[in-house]
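Observations on the model geometry
Letter by letter, the chains look like this.
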Amino acid sequence: MPRCKIVRIFAMTLFAVLVPCTHGQQPAAPAPQKPHDSHAGHTAAAPSAPAAHEMKPADAADVASLDAILAAFYASNSGAVGQKRDIVRFSSLFYPGAQLMPAEGKGHGTNMPRAFAPSTYIANTDLFAAEEGYLVKEIARRTERFGKIAQVFSTYEARHASSDPRPFVRGVNSFQLFFDGHRWWILSLAWQTETPELKLPEEYLR
Amino acid sequence: MNLRRRDFLRLGAMAGAGCLLFPKNYVFGQNSPKLKPFVDPLPIPPVLPGATSFDIHMRQFFQKLHRDLPPTKLWGYEGMFLGPTFEVRSGSPITVQWLNDLPGQKHFLPAVDTTIHGSESNVPEVRSVVHLHGAKVLADSDGYPEAWFTNGFGKTGPFFSTRVYHYPNDQAATMLWYHDHSLGITRLNVFAGLAGVYLIRDEDEDELPLPKGKFEVPLVFMDRAFNPDGSLHYPVQTVPPPPPPVSPIWVPEFFGDTALVNGKILPFLEVEPRKYRFRMLNACNARFLHLTFTNATDNKDQLHFHQIGTDQGFLHKPVTLMDLLMSPAERFDVVIDFTGQKGKSFILNNDAPAPFPGGGAPGMVPQFMEFRVTLPLTSTDQPLPERLAPVHLLETEDAVRVRRLTLRENDDPNGNPIIDFLGDRRWNEPITENPRAGTIEQWDLINTTTDGHPIHVHLVRFNVINRQLFDLNVFNQTGKLKFLGPPEPPAPNERPAWKDTVVVFPGDTTSGQGKLTRIIAKFDLPNEAEFPPGNRQQYVWHCHILEHEDNEMMRPYAVVSGKEDKD
Ligand SMILES: [Cu+2]
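Nothing here was measured: the structure is a model prediction, and the numbers come from that model.

Sheets are built from strands that pair by backbone hydrogen bonding, the pairs being arranged parallel or antiparallel. Read across the sheet, five strands follow the order S23-S22-S24-S28-S26 (chain B) without closing on themselves; strand pairing throughout is mixed. Because the sheet does not close on itself, it has two edges, and the strands there are strand S23 (417-422) and strand S26 (462-471) of chain B. With direction set aside, neighbouring strand axes in the sheet form an average angle of 15°. Of the pairings in the sheet, the one linking strand S24 (residues 440-447) of chain B to strand S28 (residues 513-522) of chain B comprises eight bridges and is antiparallel in character. Looking at S28(B), one finds that B:Asp444 is bridged to B:Arg518. Where helix H3 (residues 118-132) of chain A meets the sheet, its contacts fall on strand S22 (401-411) and S23 of chain B, and the angle it forms with S22(B) comes to roughly 70°.

Summed over the entire model, instances satisfying the criterion amount to 39 salt bridges over all chains. Residue A:Arg159 is joined to A:Glu157 by a salt bridge in which the shortest nitrogen-to-oxygen separation is 2.7 Å. A:Glu157 sits in the buried class, given a relative accessible area of 11%. Of the charged contacts, one joins B:Lys522 and B:Asp524 as a salt bridge, the two residues approaching to 3.0 Å between their closest N and O atoms. Exposure remark for B:Asp524: the relative accessible area of 23% places this residue in the partly exposed category. One connected set of salt bridges, linked through shared partners, spans B:Glu87, B:Arg201, B:Glu205, B:Glu216, B:Arg277, B:Arg279 and B:Asp333.

So, on to the sheet that holds strand S30 (residues 554-560) of chain B. Residues and elements named next belong to chain B. The sheet built from four strands is open, its strands ordered S27-S25-S29-S30 with antiparallel pairing. A strand with exactly one partner marks an edge of an open sheet, and here the two such strands are strand S27 (501-504) and S30. Neighbour-to-neighbour, the strand axes of this sheet turn through a mean angle of 25°, independent of strand direction. Note: strand S25 (residues 453-457) against S27, four bridges, orientation antiparallel. The partner of Pro-454 across the bridge, within S27, is Val-503.

A word on H3(A). All names here are of chain A. Counted at 1.5 Å a residue, the expected span for H3 with its 15 residues is 21 Å, and the 21 Å between its end C-alpha atoms agrees. Helix geometry: H3 is bent most strongly at Thr-125, by close to 45°. The element H3 is largely enclosed, with a buried count of 14 among its 15 residues.

Moving on, we come to the nonpolar core. All names here are of chain B. Among the nonpolar cores identified, the biggest contains 117 residues, and Trp-98, Phe-278 and Phe-338 are the most heavily contacted of them. Once you skip the residues sitting within four places of it in the chain, Trp-98 turns out to touch Ile-56, Met-58, Tyr-77, Phe-86, Val-130, Phe-149, Phe-153, Arg-163, Tyr-165, Tyr-167 and Tyr-178. Among the nonpolar cores identified, the runner-up in size contains 39 residues, and Val-464, Val-502, Phe-505 and Leu-525 belong to it.

Below, the discussion takes up the coordination of the copper ion. All names here are of chain B. Every protein donor of the copper ion is accounted for by His-453 (ND1), Cys-543 (SG) and His-548 (ND1), and the metal-donor separations fall at 2.0 to 2.1 Å. Counting residues between consecutive donors of the copper ion along the chain gives the motif H-x89-C-x4-H. Assessed through its relative accessible area of 0%, Cys-543 is described here as buried.

Attention now moves to the side chain of A:Asp62. Residue and element names in this part refer to chain A. With respect to the secondary-structure elements, Asp-62 resides in the segment before helix H1 (66-77). In this structure Asp-62 comes out as buried when scored by relative accessible area, which is 9%. Not counting the four nearest positions on each side in its chain, Asp-62 is found in contact with Ala-68, Ile-69, Ala-72, Arg-89 and Leu-93.

Definitions and cut-offs
Residues numbered from 1 in each chain as written. Chains lettered and ligands numbered in written order. Predicted model: local features only at pLDDT ≥ 70, side-chain atom pairs only at ≥ 80, totals over all residues. Heavy atoms only, no water. Pairing = 2+ DSSP bridges. Helix = DSSP H or I, 4+ residues; strand = E, 2+ residues; numbered from the N terminus. Axes fitted to C-alpha atoms, helices over the stretch in contact; angles between N-to-C directions. Contact = heavy atoms within 4.5 Å. Salt bridge = Lys/Arg side-chain N within 4 Å of Asp/Glu carboxyl O. Buried < 20%, exposed > 50% of the residue type's maximum accessible area, 1.4 Å probe, protein only. Expected span 1.5 Å × (residues − 1). Bend = angle between axes of the 7 residues up to and from the residue. Core = buried A, V, L, I, M, F, W, Y, C linked by side-chain atoms within 4.5 Å. Donors = N, O, S within 2.8 Å, 3.2 Å for Na, K, Ca; no water.

What follows is the structure, encoded as structure tokens:
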């Protein structure tokens, strides 16, 4: 094919600012294995065992009691406008493989609850918290405990700013927790928000 | 700070009596009239006559999409759905003047969301700009999302620079497609019908003994939803909608319940007992397709797909597959052999979960069309060639740079998706991807989400290198990649091959796994065009789930002069 060199000048420079990429040079990936023919097209990721986490150990004071771990949960889940939340502290409260499941979270067109890993929940909601403000606190609690296990119905409310007269959302966090002899772990968290059709009953507000 | 978004969320919360972040339900595209399958013949879009310059008009019109459905109001190129097919020769440039003859001030689909970037209430709703997907073109002819124009070029976007687009066709034989790319409403304009096929031919292809003429058929797959009167139904997210002016509202993905091929609902094609070449395109807004070919009567006999090409040209040799996974915007060039099947009928089936791969959205589109082996054999065909065209893969050691680019979903605290990001940045933030013309770069696309995203990079063709699982919790907490296994080789129809759209698969996120996809591209301009230091060619890269693309899962990138001193 004949190739000609042409020189063109473009006005688009006016519209954009060049900013160097902040990522440094990474080592190139290993060469792929040679693919072989005659099997099916690409496939989705095969499910496999939970990842081995390099979790930073929790602050002992955060996990010494049920009161402490719930206080640490609400503190690390809260963020004022412009503030970055402590994802490491939040993640350290959870048992590896724990899932966070919002009952009203719609996902991408499904009515089943979504499931987040703790760090993904914080990473995915950080933009909202930083832009809108998400100050969440516990307003009532019901606890059942037997030996190493506990379940907590923790009623919460959240405001965008502490000066907001009313919360913009309320709901119930349902925690499953485990005490290993040294510390408490959150095994799972499911939560239901209040909706126009589903009002918080009095018993969950005391 | 995105104040509009913030205000919108506040309004949404007020609408829910102060206790809801987002109203409760989407209205899904799942209540279309039930239509009898396989009663309409497959239409073949007309091929434009050979020429070097074209005027193509976008018009509003009504078209019958099924025997039993009243005519549907559509927008299409040259008043057709699909638009007419371009057929051009590699190395022979053409020019196209795209003309917006669309009527009115309001989009006919009541789903414009003025909270989306670039789609604010002061931007004209009936705007258009055309992108030739997969074309190696200079930036002013690429259909930049903010280079939109209205009817008669009455108003133009901030990046508009020319009425006439130059397509140098400086690339190998393949199937491209043209479609609307207007910032903030691409999902609606394409949904309305603004799409068509663009075939590039070359001498290598001429010499291959492949089915030609009436034995080479484009198959463009779409899903849509309809109201009983035949009109298109595009859902809005909220019931009831929040108070004006913020209604109606973006949905994270559109999944329709009605399958179309080449603009007809569940059509049939009569074929001869011989080989056919099908130029397949997934033109759905968001739906992945997982296709199989089975006998219509016993559902057992399966026909194989002999894939000979993909997005950017021929594979080096045919790959035989029992099933195909196609994400939005991918093109697969396949040969199906109906030899010996006289009298039988075959169904092209789909069983891909939506969203992909997690599933959960109501409704499936289980069938796309029927093939009836009823025509008498008029001419014999030849065996498939063993070799097609060489694919000279790019070497990772030649990459001057490796960029790590994160795909991230942003949710409200209740787990509802708000927007998706590429590279952790919004559309309006400064350009960060700035390859130098003529250089090779490796892009590592780090998927932290639960969904597969078809990532498309304008201008270039690329090779898929491999994929690799990583520890999502470590990445979320530290930004470091801790790999959980060896790199996985691409599928045989992905490498060796030239792609322009790649599925960036997710890991198993609930088990704390993310997945990374590595691609490598040479950022060549057409005909090795040069331009002075300090100037740039500005393109975009984005997710081709159109709802994601419209809501921040798209970023500008710039090819800078090869002579430029860089950071
Ligand atoms: Cu996407």
